[in-house]
Amino acid sequence: MNYTREQLHERHRLSHQQIDRWLGENSEGRFLDEKLKQLERVKMFLNVSRLLKENGVDFVSFKGPLLSYRIYGDTSVRYSHDVDLLIKMDDIDKVVKILFENGYHFTEHAFWPEKKAQQELLIRAVRHLSFINPRTNFVVEIHWVLMQELPLSRKRQREILANNLTEIEFGGQKHSVLKPELELLYLMIHGVSHRWERLKWLADIRHYPFKEVNAEKFNKLVKEFRAGRIVGQTDFMLKKFFNESLPFSRNGHFPAKLVDYSIQAVNSEIKVEKPFADLMIVFKNNYLMFPGLKYKSKIIWGAFFRHGDLQVINSSSKLVYYLYRPYSLIKRRILRAG
């Protein structure tokens, strides 16, 4: 596949340093403005990190500057306009208050309801809240679960997470991050869930420091997550776009449609507001990611709730929102009303 520098930078969100690696060029000196902006974002990440730590909020940093540091040895190589921090659910109210008091607002469509029932629905339906500092346009995403729907319970996710954390020191601070085995698997699941529509995610896999990954521990996680399809599809995509293979656990069988959907996504324009046909492809992709009736029932049930409906109707009954979803979908996506 032949891509121009402009396509890789604008469409696939690779930094010019990453593009140089891909194209075998050395032109990053022409793009110092981008480097300086990335370094400024690293500074803002450290400011948010310090702010939360000073207020007693523990968190895990994933993606963002520290992932760039882990993969490329430089916090500013990997392009990122936000940071992703994983907190405890009990700290959501506290973090919302801290960020609001320090100049952050919710991004468009993000909100935190006051009613307990609505909060519980939101927590179950999505995995994060997004905040933006209007002065700097820096975005902070606060997560309460690492991954959304999986073949294992959220309780088991938390147990696995607790056993797969490590610390690194950067910027005069200690940061909790994922151990390489879970981090690598997370990056694969994240990429497949988004159908690799931005090749930056596949580039992260290509350049991941596999020497740091314990193959036995990684394969154990793959088995527990029932993620053989994820690994197999990731390996296929690596071969297609980079002519490279994963060094281990790459023979998982996967439905051919998982590749078809990803190839289509890579070659299509990214749409902010997806039409109904695209939403159906996203649903089918997510449905096929993992085997098992329990997982598939989660995906089907999840399709009957949209967190935006919490702002349209005001009810303490969770059932009302699930009953409202079909009407909401027809009104917005098919009739194009409201």
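Refer to the structure printed above.
In this report, the structure presented in the accompanying data block is examined. (Residues numbered from 1 in each chain as written. Predicted model: local features only at pLDDT ≥ 70, side-chain atom pairs only at ≥ 80, totals over all residues. Heavy atoms only, no water.)

## Re the layout of surface pockets
Line of reasoning, step 1. For the second largest pocket, the calculated volume is near 440 Å³.
Line of reasoning, step 2. If you go around the second largest pocket, you meet 23 residues; those closest to its centre are Val 60, Leu 86, Ile 87, Lys 88 and Leu 161.
Line of reasoning, step 3. Per-element accounting of the lining of the second largest pocket gives the leading share, 6 residues, to helix α7 (residues 154-162).
Line of reasoning, step 4. A breakdown of the residues in the lining of the second largest pocket according to their chemical character gives 16 nonpolar, 2 polar and 5 charged. (1 Å grid on protein atoms, 1.4 Å probe; cavity = no way out; pocket = protein on both sides within 12 Å on 5 of 7 lines; lining within 4 Å. Points joined across faces, edges and corners; volume = space filled by probe spheres on them. Helix = DSSP H or I, 4+ residues; strand = E, 2+ residues; numbered from the N terminus. Nonpolar A, V, L, I, M, F, W, Y, C, P; charged D, E, K, R; others polar.)

## Some thoughts on the nonpolar core
Line of reasoning, step 1. With 60 residues, the main nonpolar core has Leu 146, Leu 184, Ile 189, Ile 205, Phe 218, Phe 225 and Phe 241 as its most contacted residues.
Line of reasoning, step 2. The contacts of Leu 146, once residues within four sequence positions are left out, are Phe 62, Leu 86, Arg 127, Gln 157, Leu 161, Leu 178, Leu 182 and Tyr 186.
Line of reasoning, step 3. Core analysis: the next-biggest nonpolar cluster, separate from the first, contains 36 residues, Val 48, Tyr 104, Trp 112 and Ile 123 among them. (Core = buried A, V, L, I, M, F, W, Y, C linked by side-chain atoms within 4.5 Å. Buried < 20%, exposed > 50% of the residue type's maximum accessible area, 1.4 Å probe, protein only. Contact = heavy atoms within 4.5 Å.)

## What about the environment of Leu 86?
Line of reasoning, step 1. Tracing the sequence through the fold places Leu 86 in strand β2 (residues 82-86).
Line of reasoning, step 2. Given the relative accessible area of 5%, Leu 86 is considered buried.
Line of reasoning, step 3. Excluding residues within four positions of it along the chain, Leu 86 makes contact with Asp 58, Phe 59, Val 60, Phe 62, His 143, Trp 144, Val 145, Leu 146 and Leu 161.

## Considering empty space enclosed by the protein
Line of reasoning, step 1. Under the defined criterion, the tally for this structure stands at 2 cavities of 30 Å³ or more.
Line of reasoning, step 2. As a volume, the largest cavity reaches approximately 50 Å³.
Line of reasoning, step 3. In terms of lining, the largest cavity is formed by Gln 38, Arg 41, Val 42, Gly 64, Pro 65, Thr 75, Arg 78, Ser 80, Asp 82, Val 83 and Phe 138.
Line of reasoning, step 4. The element best represented in the lining of the largest cavity is helix α3 (residues 32-54), accounting for 3 residues.
Line of reasoning, step 5. When grouped by side-chain class, the residues that make up the lining of the largest cavity number 4 nonpolar, 4 polar and 3 charged.
Line of reasoning, step 6. Taken together, Lys 63, Arg 78, Leu 187, His 190, Trp 201 and Asp 204 make up the lining of the second largest cavity.
Line of reasoning, step 7. Elements with a minimum of two residues in the lining of the second largest cavity: α8 (180-193) and α9 (199-206).
Line of reasoning, step 8. Looking at the lining of the second largest cavity residue by residue, the classes come out as 2 nonpolar, 1 polar and 3 charged.

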